[in-house]
Amino acid sequence: MSADNHADNHSEGTLGYETQAVQVGIPRGLGDGVGIPIHQIAAFQFETLEDGASEFQLNTGYSYARLQNPTVKALEERVTALEGGAATVALSTGQAASFTAMLSVCRSGDHIVATSSLFGGSAGLLNNILPLMGITASTVANTPEAVRAAMQPNTRLVWAETIGNPAADIADIASYAEIAHSQGALLGIDNTWGGVGYLCRPLEHGADMVTHSLTKWAGGHGSVMGGSLTVGTGHDLSRSPIYTEGTPSILDTRGDSALGWRQRWFGAHQLGMTLAPNSAFLIAQGLETLSLRLSRESATALELANFLEAHTAVGTGAGSGVAYPGLESSPHHALAVKYLKGGFGAVLTFEVNEPAPFLAALKVIRMAPNLGDTRTLVVHPWTTTHGRMPESARYAAGVTPRTIRMSVGVEAPEDLKRDLDQALKAGQAAAQTAVLI
Ligand SMILES: *Cc1c(COP(=O)(O)O)cnc(C)c1O
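The model shown is predicted, which means the values in this text are computed figures rather than measured ones. (Residues numbered from 1 in each chain as written. Predicted model: local features only at pLDDT ≥ 70, side-chain atom pairs only at ≥ 80, totals over all residues. Heavy atoms only, no water.)

**Student:** Describe the packing of aromatic side chains, naming the residues involved and giving the relevant values.
**Tutor:** Applying the stated rule across the entire model yields 7 aromatic pairs. Seen in terms of ring centroids, Phe44 and Tyr62 are 5.2 Å apart; in terms of plane orientation they differ by 40°. Their pairing is tilted. On the criterion of sequence distance, the pair formed by Phe44 in the loop between α2 (17-23) and α3 (49-58) and Tyr62 in the loop between α3 and α4 (70-83) is long-range, its members being 18 residues apart. Taking relative accessible area as the criterion, Phe44 reaches 18% and is therefore assigned buried. Judged by centre distance (6.4 Å) and plane angle (75°), the rings of Phe46 and Phe56 are edge-to-face. (Phe/Tyr/Trp six-rings, centres within 6.5 Å; stacked < 30°, edge-to-face > 60°. Helix = DSSP H or I, 4+ residues; strand = E, 2+ residues; numbered from the N terminus. Buried < 20%, exposed > 50% of the residue type's maximum accessible area, 1.4 Å probe, protein only.)

In structure tokens, the structure reads:
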């Protein structure tokens, strides 16, 4: 995909994505540092009794770093700009962001509709944690028909991921928004694989909130953990009792900022899943090169997907092969072209006949459970990320004992190709030896 193609992602008149990524959050004035400084500070001073009372009332400045810290705030402004949102709360992990998002619109008795190709931790929240609070969830196929059929009168949230894991399927965000809104629910999108608005901006397609594991492409170097929850503009809370009941209601007192206010209140103030300033600094710095990394990683991923699709040691079983939304053979390619700009993402999955000898033979590519690192990483989902799910659920999610998930880094593509080729051949040789014996 060309750079031009990416440019349509952004409205005219505002600065381009790449410019905002290096500029937002940095003051411009005599003596200001050219970058975001680390405020390694837990508490902020008041001069008068009135200062303290006012800050505790309004929370517009700084008092105590569980609530807000200038380094974290600068990161939040940057993420808000890159996602085209209204406000962001940065939290300690992606998991904290998803939990806060779900809890910000649901309470006991409420219901969530989620699509089945979910990150394992999100499935864990829906299946194990939220039921403890009386919130139930239906997990359904990643199609508008299935989502529509699962909606209930008490459904408050529809939840999906931009690019599903590991099936590489694409959420039809605009359709999900229409279904959710027609029934008074909101749409939340885990946009981690959409690269903080670089590949996809769900808010522009009707989503009401987006979350990120900033641990992945935002931090970008496998060195820091974080999460974010960004709320869009124009969401309708008028059919959401937790916002409308009481006099005055939260909606009365907070207006358009009610949802963002509650998310910060829950995630940071009350639950204390606050992001550390050092981590905020590393993530903000990572965002400055995200566009460069993810465009390169996406191009390499497409090259490797084509290479693997043609390799004799890949995908010999029925219905198996390479799953990558950039491949024209992918059943999700049309939706990928509709929702992704600037590339089709850095993750691909493929099936190998002999996973153990293949993985053991890799020399450049490393085996580790992370995504969005500068280094190419693989995992065997059947025994790791999806290992605790029932077998039938693993198959339903597109995971088989032969599936390999790969997050492509910024290495020389030729080195990755050679490494995959020699490891696939080692796997084949092991299989032949086994047959001979
Ligand atoms: C990693 C990941 C998460 C969780 O993020 P953490 O930072 O590990 O808590 C959530 N969603 C997706 C899609 C992820 O890849």
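So that's the structure; there's more coming.
**Student:** Talk me through the domain arrangement of the protein; I want residue IDs and the actual numbers.
**Tutor:** Here the protein is described as being made up of domain 1 (11-279) and domain 2 (290-436). Look at where the C-alpha atoms of domain 1 and domain 2 centre, and you get two points 30 Å apart. Counting residues at the interface gives 30 residues for domain 1, matched by 36 residues for domain 2. Carbon and sulfur atoms supply 65% of the area that domain 1 and domain 2 bury against each other, a total of about 2700 Å² over both sides. For the domain 1 face of the interface with domain 2, the top three residues by lost area are Pro166, Leu199 and Trp217, together amounting to 28%. At the boundary of domain 1 and domain 2, one finds 0 salt bridges. (Domains from an automatic or database assignment. Contact = heavy atoms within 4.5 Å. Buried area = accessible area lost by both parts, 1.4 Å probe. Salt bridge = Lys/Arg side-chain N within 4 Å of Asp/Glu carboxyl O.)

**Student:** Describe in detail the pattern of salt bridges, supporting the description with residues and values.
**Tutor:** Following the criterion strictly, the structure yields 12 salt bridges and no others. Here Asp110 makes a salt bridge to Arg156, at a shortest N to O gap of 3.3 Å. Of the two residues, Asp110 is situated in the loop between α5 (94-103) and β2 (111-115) and Arg156 in strand β4 (residues 155-161); the sequence distance between them amounts to 46 residues. Note that Lys417 is salt-bridged to Glu414, the shortest N-O span being 3.7 Å. One end of the pair, Lys417, and the other, Glu414, are both in helix α16 (residues 413-436), 3 residues apart, so they sit about a helical turn from each other. On the basis of relative accessibility, which here comes to 18%, the residue Lys417 falls in the buried class. For Glu414, a relative accessible area of 44% gives the class partly exposed. Connected via shared salt-bridge partners are Glu303, Glu414 and Lys417.

**Student:** Outline the pairing of strand β7 (residues 227-231), listing residues and values.
**Tutor:** In summary, the side chains of a regular strand alternate between the two faces of the sheet. Taking burial as the measure, the 5 residues of β7 include 5 buried ones, the bulk of the element. The two faces of β7 match: Gly227, Leu229 and Val231 on one face and Ser228 and Thr230 on the other face are all buried. One ladder, built from 5 bridges, connects strand β1 (residues 87-91) with β7; its direction is antiparallel. Looking across to β7, one finds that Ala87 is bridged to Val231. Bridge count for strand β6 (residues 209-213) against β7 is 5 bridges, and the pairing is antiparallel. What sits directly across from Ser213, in β7, is Gly227. (Pairing = 2+ DSSP bridges.)

**Student:** Quick rundown of the sheet that holds strand β10 (residues 366-367)? Include the residues and the values.
**Tutor:** The strand order β8-β9-β12-β11-β10 describes an open sheet built from 5 strands, whose pairing is mixed. Only two strands of the sheet have a single partner each, and these edge strands are β8 (322-323) and β10. Packed onto the sheet, helix α12 (residues 277-309) meets β8, β9 (347-351) and β12 (403-407) and runs at close to 10° relative to β9. (Axes fitted to C-alpha atoms, helices over the stretch in contact; angles between N-to-C directions.)

**Student:** Could you give an account of the nonpolar core, with specific residues and numbers?
**Tutor:** Counting 79 residues, the largest nonpolar core has Leu75, Leu348, Phe350, Phe358 and Met406 as the members making the most contacts within it. The element that contributes the greatest number of residues to this core is α12, accounting for 10 residues. Domain assignment of the residues forming this core places at least three in each of domain 1 (11-279) and domain 2 (290-436). Setting aside residues up to four positions removed in sequence, Leu75 forms contacts with Ala90, Leu214, Leu275, Ala280, Ile283, Ala284 and Leu287. (Core = buried A, V, L, I, M, F, W, Y, C linked by side-chain atoms within 4.5 Å.)

**Student:** How would you sum up the sheet that holds strand β5 (residues 186-190)? Please name residues and give values.
**Tutor:** Reading across from one edge, β1-β7-β6-β5-β4-β2-β3 is the order of the 7 strands in this open sheet, with mixed pairing throughout. One side of each edge strand has no neighbouring strand; the edge strands of this open sheet are β1 and β3 (136-140). Neighbour-to-neighbour, the strand axes of the sheet open up by a mean angle of 20°, direction not taken into account. Seen against the sheet, α5 touches β1, β2, β4, β5, β6 and β7 and runs at an angle of roughly 160° to β6.

**Student:** Can you explain unusual backbone geometry? Please cite residues and give values.
**Tutor:** For residues besides glycine, phi is generally negative; the peptide bonds are generally trans as well. For the bond running from Asn165 to Pro166, omega is 5°, close enough to zero to count as cis. Here Pro166 shows up in the loop between β4 and α8 (173-182). Thr247 connects to Pro248 through a cis peptide bond whose omega is -5°. By the secondary structure assignment, Pro248 is in the loop between α9 (241-244) and α10 (250-254). Here Asn59, not a glycine, exhibits a phi torsion of approximately 50°, which is positive. Position of Asn59 among the secondary structure elements: in the loop between α3 and α4. By relative accessible area, which is 27% here, Asn59 ends up partly exposed. Here Val196, not a glycine, exhibits a phi torsion of approximately 45°, which is positive. For Val196, the location among the structural elements is in the loop between β5 and β6. We classify Val196 as buried; its relative accessible area is 2%.

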